[in-house]
Amino acid sequence: MCTTEQTFAWVGAIVVNVAFLSFIAWGASVNWLVGFALSVVYTGLLFGLARFVDTKSGWERTGDEGGGAAAADDGSLHDEADVGVASGIVSNDPERRMPPLANLFYGLFALALGVSGYFLPMNLFPCSGGGPPYKPAGHWATNFTDLPENVQSWATSTEPRLSVSNFVFIPGEKITLFTGSDESGTNLNSLWAAPASVYPFNGGEPVHFPNVTHPSQFIVTGTGRACFFAYRNDPPPSPSKRYPPQPKPIYGTNVIGCCDGKTLTTTNPSINELHGPYDFFIDNSTKVLWFKDYPPTVGSQAGDGKLIYSISDYETMEVVLHSTYRKGSRLGSYEATSTTGNGYSKPYVPPEEMDSTVAGAENDMECMAKQSILALFVSAIPISVVSVLLWIKRRAPSMAITSYIGISATASCIFIAVRGDSYDMDNFYRWWLSITGAVFVLTLVDLLSCKRKITHSPLVWGINVGSYVYFIGMIMLTGIFDLGNAWQWIIFNAFALVPLGIIGLATNQVFLLVLCAVGWLLDSVKFASWISDAMPSDEAPIQFVVLAISGLFIAFAGWFLSKHQEEVHNVLCYQFERISISRKIFPEASGHVAVQTEEDGLLPPGLNSQVQRSGSGC
């Protein structure tokens, strides 16, 4: 347990470091050179304090050097709880450990070293963050020569005509369509029809059409109807087939509606996927409705350009697409004119903006690459090197954390330098955290199990940190919160929770078992949600029953493990030691205990024999 002195020392150190960080932030706001200088001074101060506490404590001195026995008995410096080492692993391990304050200062020093170095690339190569030039996978084009002559001028227009009116009057029917809400507040922004006479309406009251909401961009068709863009409320029927060349559906809620005041017809969003229809136009000669739409942003038909549709039958509301999809980017071939020699449209970029946009994006990619390369050598690599050296030379447990941070920062810098942008970092990190977290944990568990002369404290810290990283990475990789299909939860349980539980039992690390319990809690909530969605009755009692049973099961699992944990631990520990790769690679080291010995000059005389009698288990 932490003593009063230790507790106040930790809190005081945290407060002082927060004060220094705010001082550095103030200096950086004044001038980045001031912030950089303050950060360098702060880094040097942390290293000096770490070395002072490290050397003055005498935690690794032998008895011949004096003060060793006193240091060993000083609970304020060597309490196992202060370095996060599970007592189940090191109960028979008498190796001395770095003082908590020295461990804290070494960890802050490694992080501050990276932050100080990062001042240079951020300020020597300031990037706008505009990202790479837009290179769409394809382009939606329209052959304007195939369109009616009355429509061509509208189709080639680059300035869409948007209607902000929330009502429209249909002359032939003497009906006014409008957007409104009733007094009850249950029908918000719905479609209403108000007649100019009482026939055939009851008392002339407005007629409500609840199937659509937020109608906008009203336009009179000349056929006794008015059309508009709206959102559909009721779920559309599933079509038996899809009619090409319609774009593949992405959202499936936007519709075009047409109403004569008595009946309402809408497009089927499961057949005709619309993203944001705009610029409605009526061909007066044919009474056909034309409108433009934005292209899909994801999927196999994502790209730039615009889509042109038409509706001629207001009963069936069949939508005709007049644009075609072409693979390949048009970057570098943008033209100010809206058509080409073959009649197909190209994405329009004003001439005065075209060169600056493309050149600026390319320059920003080059800037990001330079920034990442410099950060690699002045920030990421220094953190990694210093952390590994302090891990080996001083056996600081916090170096397990900073080593992983440094290695991850190195990989991130290389990734950004190669790509020239950071727009796909979420996909990078979901794979990086999952793979490296697993490798990091398995490597440290192997070293912990091989009974080599390796200090346990950094290994245990690393196992806990790596397990947490792996847990988060698997959540991101499986996407259980994004999609949440059954197979994703099965993969998450099989490849995340089960391995973490086994390793936690083998190493007696409670934190890993806590992660498993959190995972089981997520399983319970998701399972309760699935059951309640499948049942037609009220979901509250169902969720109560499922969660209550799940909670009891988790509690029973904890009680059962507490009764058999030592037995399970011994079996798993033996199996981990037997399959240890390090033990097979270095068989001569397998007979040694995983602590510093008297021959190495790291333990006081007489203590080595006690270690050999007690041994050092998994």
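The structure this text deals with has already been given above.
Residues numbered from 1 in each chain as written. Predicted model: local features only at pLDDT ≥ 70, side-chain atom pairs only at ≥ 80, totals over all residues. Heavy atoms only, no water.

Caption draft 1: Representation of the sheet that holds strand E6 (residues 226-232) in the model. Spatially, 7 strands are ordered E2-E3-E4-E5-E6-E7-E8 in an open sheet, and the strand pairing comes out antiparallel. The open sheet has two edge strands with one neighbour each: strand E2 (167-170) and strand E8 (264-266). Within the sheet, the average angular offset between the axes of one strand and its neighbour, ignoring direction, is 40 degrees. Here 4 bridges tie E2 to strand E3 (residues 175-180), and the two strands are oriented antiparallel to one another. Across the sheet, Phe169 pairs through a bridge with Thr176, a residue of E3. (Pairing = 2+ DSSP bridges. Helix = DSSP H or I, 4+ residues; strand = E, 2+ residues; numbered from the N terminus. Axes fitted to C-alpha atoms, helices over the stretch in contact; angles between N-to-C directions.)

Caption draft 2: Examining the nonpolar core more closely. Tyr106, Met399, Ile463 and Ile503 are the most contacted members of the largest nonpolar core, which totals 46 residues. Of the residues forming this core, the biggest block, 9 residues, is contributed by helix H10 (residues 425-449). Not counting chain neighbours up to four residues away, the residues in contact with Met399 comprise Tyr106, Gly107, Ala110, Val386, Ser387, Leu390 and Trp391. One finds Cys227, Cys258, Leu274 and Leu321 within the second-largest nonpolar core, a separate group that totals 18 residues. (Core = buried A, V, L, I, M, F, W, Y, C linked by side-chain atoms within 4.5 Å. Buried < 20%, exposed > 50% of the residue type's maximum accessible area, 1.4 Å probe, protein only. Contact = heavy atoms within 4.5 Å.)

Caption draft 3: Layout of the packing of aromatic side chains. The full count for this structure, using the stated rule, is 23 aromatic pairs. Note on Phe415 and Phe428: the rings are 4.6 Å apart at their centroids and 25 degrees apart in plane angle, and the pair reads as stacked. Taken together, the positions of Phe415 in helix H9 (residues 399-419) and Phe428 in helix H10 put the pair 13 residues apart, joining distant regions of the chain. Among the aromatic residues, those joined into a ring-pair cluster are Phe415, Phe428, Tyr429 and Trp432. A cation over a ring is seen here: Lys292 above Trp154, with NZ or CZ 4.9 Å from the ring centre. (Phe/Tyr/Trp six-rings, centres within 6.5 Å; stacked < 30°, edge-to-face > 60°. Lys NZ or Arg CZ within 6 Å of the ring centre and 35° of its normal.)

Caption draft 4: Main features of the state of the cysteines. In the structure shown here, the tally under the stated rule is 1 disulfide. With a sulfur-sulfur separation of 2.0 Å, Cys227 is cross-linked through a disulfide to Cys258. In this structure, the disulfide formed by Cys227 and Cys258 twists by about 100 degrees around the S-S bond and is classed as right-handed. Here Cys227 is found in strand E6, whereas its partner Cys258 is found in strand E7 (residues 254-259), with 31 residues between them in sequence. (Disulfide = S-S within 2.5 Å.)

Caption draft 5: Broad picture of unusual backbone geometry. Unlike most non-glycine residues, Gln217 shows phi in positive territory, near 55 degrees. Among the structural elements, Gln217 can be located in strand E5 (residues 207-220). For Gln217, a relative accessible area of 13% translates into the label buried. The backbone of Asp279 sits at a positive phi, close to 55 degrees, despite the residue not being glycine. Along the polypeptide, Asp279 turns up in strand E9 (residues 278-283).

Caption draft 6: Geometry of the pattern of salt bridges. One pass over the full model with this rule turns up 5 salt bridges. Across the salt bridge formed by Glu315 and Arg225, the nearest N and O atoms sit 2.4 Å from each other. Of this pair, Glu315 sits in the loop between strand E12 (307-311) and strand E13 (319-321) while Arg225 sits in the loop between E5 and E6, and the two are 90 residues apart along the sequence. The exposed category is assigned to Glu315, whose relative accessible area is 52%. (Salt bridge = Lys/Arg side-chain N within 4 Å of Asp/Glu carboxyl O.)

Caption draft 7: Structural context of a nonpolar patch on the surface. Taken together, Ile373, Phe377, Ile381, Val385 and Leu389 make up a surface patch of nonpolar side chains, about 440 Å² in accessible area. Summarising the element assignment, Ile381 is placed in helix H8 (residues 351-393). You can call Ile381 partly exposed: its relative accessible area is 31%. (Patch = residues over 30% accessible without salt bridge, like charges linked within 9 Å, V, L, I, M, F, W, Y side chains within 5 Å. Areas by Shrake-Rupley, 256 points an atom, 1.4 Å probe, with all protein chains shown as cover.)

Caption draft 8: Up close: the packing of H9 against helix H11 (residues 456-478). Packing of H9 against H11 brings their axes to within 8 Å, and their N-to-C directions diverge by 45 degrees. Taken together, the axes of H9 and H11 lie oblique to each other. For the pair H9 and H11, contact is made by Ala400, Ile401 and Tyr404 and by Pro458, Trp461, Gly462, Val465 and Val469, respectively. In terms of residue class, the contact of H9 with H11 is made up of 7 nonpolar, 1 polar and no charged. (Parallel < 35°, antiparallel > 145°, perpendicular 65-115°, else oblique. Nonpolar A, V, L, I, M, F, W, Y, C, P; charged D, E, K, R; others polar.)

Caption draft 9: Looking closely at the side chain of Asp293. Assignment of secondary structure puts Asp293 in strand E10 (residues 288-293). As a buried residue without a salt bridge, Asp293 has its nearest oppositely charged side chain in Lys292, at a separation of 12 Å. A polar atom in the side chain of Asp293 sits 2.9 Å from the backbone nitrogen of His275. If we ignore the near neighbours within four places in the chain, the residues touching Asp293 are Glu273, Leu274, His275, Gly276, Pro277, Tyr278, Lys306, Leu307 and Tyr309. (Lys, Arg positive; Asp, Glu negative; His and termini not counted. Polar contact = N/O pair within 3.5 Å; in protein donor to acceptor, adjacent residues only side chain to side chain.)

Caption draft 10: Layout of the environment of Thr43. Mapped onto the fold, Thr43 is located in helix H2 (residues 32-57). For Thr43, a relative accessible area of 6% puts it in the buried group. Residues Thr43 and Tyr106 lie 63 residues apart in sequence; the distance between their C-alpha atoms is 10.0 Å. With residues up to four places along the chain from it excluded, the contact list for Thr43 reads Phe109, Ala112, Leu113 and Ser116.

Caption draft 11: Inspection of the pairing of E7 at higher detail. The buried fraction of E7 is high, at 6 of 6 residues. Burial along E7 is two-sided: the residues Asn254, Ile256 and Cys258 and Val255, Gly257 and Cys259 are all buried. Where E6 meets E7, 6 bridges bridge the pair, whose relative direction is antiparallel. Paired with Ala226 across the strands is Cys259, a residue of E7.

Caption draft 12: Spotlight on the sheet that holds E10. Across the sheet, 4 strands lie side by side as E9-E10-E12-E13; this open sheet has antiparallel pairing. The open sheet has two edge strands with one neighbour each: E9 and E13. Mean inter-strand twist for the sheet, computed between neighbouring axes without regard to direction, equals 25 degrees. For E10 and E12, the ladder comprises 5 bridges, and the chain directions are antiparallel. Each residue of the ladder has a partner; that of Lys292, found in E12, is Ile308. Most of the contacts of helix H7 (residues 149-156) go to E9, to which it runs at about 165 degrees, and overall it touches E9, E10 and E12.

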